[in-house]
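Architecture and fold: a report
Read off the chains here:
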Amino acid sequence: NWTMVNIAEESVAAVREQVGNKRAICALSGGVDSAVAAALVQRAIGDRLTCVFVDHGLLRKGEPEQVEKDFVAATGVNLHVVDAQERFLAALDGVTDPEAKRKIIGREFIRVFEEAAREIVEGSGAGSPGTDAEPVEFLVQGTLYPDVVESGGGTGAANIKSHHNVGGLPDDLQFKLVEPLRSLFKDEVRALGEQLGLPSEIVWRQPFPGPGLGIRIIGAVTRDRLDILREADAIAREELTNAGLDRDIWQFPVVLLADVRSVGVQGDSRTYGHPIVLRPVTSEDAMTADWARLPYDLLQRISTRITNEVREINRVTVDITSKPPGTIEWE
Ligand code: XMP
């Protein structure tokens, strides 16, 4: 696509101009925005970009690998992975309130990122005598045009997303921002991602909340519950893909009602497990949404597979609430 080739070249040139011979860091979330921003900047400044991936253990099945293997293979980017799973589980221990979960996840994310950034800044040897290393002066963010507009308006949406972009870093760790996607809409970012050769799983990934599966477990977050939800979610996604419906659905949260138990029967015995909620929605911008009328045979396959393959789940339900009055997520 000719226009995208131009946009890619112009953006790469602009980043080169802005960053000069300095260095930059970037937080990868697994989402399309940060991935495309990082890929662009790595085109522009190569090894002088270091990406940080905080594995908080709240991503879906296969997503950490997409970042650590596929993204790195496609871009050759310099990646620093922090396994912070234990730390997030400990911080979330016993917490059930949705806003409290969001605050904790956002806070821990910034702390872990800040620690990693500090190591990278210090490890670069910048400023020390006898080295020619350039200082890390820039922070790359995947801010899109709608984010810019939302922040300006001070709407609730900007608040919801506030922790998602790494703001609020302490004063002694100050960076200038590089935001190469600031003038683009989501569809343009996806086209650019394809132009840059990113894997289609990343380019076409559905929007996913910053707090991840942490807000899709109704009840406290534990490792077991995350594993159960990850399995069920992977089945739902796989069946949606097999049905060829990925691009018709805006988002497809799968929600574990961890504090609710349901009676079932399997073989000759009674089970006492948990229900799961399928929440497929169509939407243009997440401000309003409609529940997606998935074909019955697809719902049937998802239900059969989840109850067969995920032992703790003995009931599958579908959420048929539009937004408003329901939100897309359950928390
Ligand atoms: P709701 O549930 O309010 O969600 O209809 C609207 C959109 O925002 C996403 N969402 C979040 N994204 N951090 C995020 O980065 C959050 O805390 C958060 N909560 C909801 C949601 O997935 C949907 O796309």
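As the structure is a prediction and not an experimental result, all values here were calculated from the model.

**Considerations on the overall build of the protein**
- Counting its secondary structure elements, the protein contains 11 helices and 11 strands.
- What you see for the protein is a C-alpha radius of gyration of 21 Å, in line with the 20 Å of a compact globule of 331 residues.
- Projected onto its principal axes, the C-alpha coordinates of the protein cover approximately 75 × 45 × 40 Å.
- Within the protein, the fraction of its 331 residues that count as buried is 37%.
- Of the contacts made within the protein by residues no fewer than 6 positions apart, 75% connect residues no fewer than 24 positions apart.

**Quick notes on the UniProt feature "binding site: ATP" (unreviewed entry) in the protein**
- The positions UniProt marks with the feature "binding site: ATP" (unreviewed entry) are Ser-29, Gly-30, Gly-31, Val-32, Asp-33, Ser-34 and Ala-35.
- Within the secondary structure, Val-32 is located in helix α2 (residues 32-45).
- The exposure class assigned to Val-32 is buried, which follows from the 25 C-beta atoms found within 10 Å.
- Contact partners of Val-32, with chain neighbours within four places excluded, come to Val-189, Arg-190, Gly-193, Ile-202, Val-203 and Arg-205.
- With respect to the helices and strands, the residue Ser-34 is situated in helix α2.
- Overall, the presence of 26 C-beta atoms within 10 Å leaves Ser-34 in the buried class.
- Apart from the residues lying within four places of it in its own chain, the contact partners of Ser-34 are Cys-26, Ala-27, Leu-28, Ser-29 and Gly-142.

**As for unusual backbone geometry**
- That bond from Lys-323 to Pro-324 is cis: its omega, -10 degrees, falls within 30 degrees of zero.
- Here Pro-324 is to be found in the segment after β11 (313-318).
- Pro-325 follows Pro-324 through a cis peptide bond whose omega is 10 degrees.
- For Pro-325, the location among the structural elements is in the segment after β11.
- Of note, Ala-286 is a non-glycine position whose phi angle comes to about 75 degrees, a positive value.
- Following the sequence through the fold, Ala-286 ends up in the loop between β9 (281-282) and β10 (290-291).
- By C-beta crowding, Ala-286 is classed as partly exposed, having 16 other C-beta atoms within 10 Å.

**Focus on helix α11 (residues 296-309)**
- Look at α11: 20 Å from first C-alpha to last across 14 residues, which is about the 20 Å you get at 1.5 Å a residue.
- Among the residues of α11, Ile-302, Ser-303 and Ile-306 are the ones counted as buried. All buried residues of α11 lie within an arc of 100 degrees about the axis, which places them on one face of the element. Opposite the buried face of α11, by more than 90 degrees, sit the exposed residues Asp-297, Gln-300, Asn-308 and Glu-309.
- Check the buried side of α11 and you find it contacts α10 (223-242), β8 (269-278) and β11.

**Focus: the pairing of strand β2 (residues 49-55)**
- For β2, the tally of buried residues reaches six of seven residues, placing the bulk of the element in the interior.
- As judged from the five bridges shared by strand β1 (residues 23-28) and β2, these two strands associate in the parallel manner. Looking across to β2, one finds that Leu-28 is bridged to Phe-53.
- Following the backbone out of β1, through α2 and into the adjacent parallel β2, one traces a crossover that is right-handed.

**Some words on the domain arrangement of the protein**
- Here the protein is described as being made up of domain 1 (2-203) and domain 2 (216-318).
- Spacing between the C-alpha centres of domain 1 and domain 2 amounts to 30 Å.
- In terms of residue class, the side of domain 1 that touches domain 2 is made up of three nonpolar, three polar and two charged.

**Description of helix α5 (residues 98-123)**
- Over its 26 residues, α5 extends 37 Å from the first C-alpha to the last, a length consistent with the 38 Å expected when each residue adds 1.5 Å.
- Of all the positions in α5, only Lys-101, Ile-105, Phe-109, Val-112, Phe-113, Ala-116 and Ala-117 are classed as buried.
- Residues of α5 that are buried sit in contact with β1, β2, β3 (78-83) and α4 (85-92).

**Focus: the sheet that holds strand β5 (residues 176-178)**
- Ordered in space as β3-β2-β1-β4-β5, the five strands form an open sheet in which the pairing is parallel. Both edges of this open sheet fall to β3 and β5, since each of them pairs with a single strand only. On average, each strand axis in the sheet is tilted by 30 degrees relative to the strand beside it, whichever way the strands run.
- Bridge count for β2 against β3 is six bridges, and the pairing is parallel. Its bridge partner lying in β3, Phe-53 is registered against Val-81.

**A word on the confidence of the model for the protein**
- A residue-level look at the protein finds 91% of positions with pLDDT of 70 or above and a mean pLDDT of 91.
- Residue range residues 153-164 is modelled with pLDDT below 50. Its contacts to residues more than four positions away, or to other chains, number 10 contacts.
- Across the predicted assembly, pTM comes out at 0.90 and ipTM at 0.99.

Rules of the game
Residues numbered from 1 in each chain as written. Predicted model: local features only at pLDDT ≥ 70, side-chain atom pairs only at ≥ 80, totals over all residues. Helix = DSSP H or I, 4+ residues; strand = E, 2+ residues; numbered from the N terminus. Rg over C-alpha atoms; globule rule 2.2 N^0.38 Å. Buried ≥ 20, exposed ≤ 12 C-beta atoms within 10 Å, placed from the backbone. Contact = placed C-beta atoms within 7 Å. UniProt positions renumbered as here; feature names shortened; annotations may be inferred. Expected span 1.5 Å × (residues − 1). Arc of directions from axis to C-beta. Pairing = 2+ DSSP bridges. Right-handed = clockwise from strand over helix to strand, strands pointing away. Domains from an automatic or database assignment. Nonpolar A, V, L, I, M, F, W, Y, C, P; charged D, E, K, R; others polar. Axes fitted to C-alpha atoms, helices over the stretch in contact; angles between N-to-C directions. pLDDT = per-residue confidence, 0-100.

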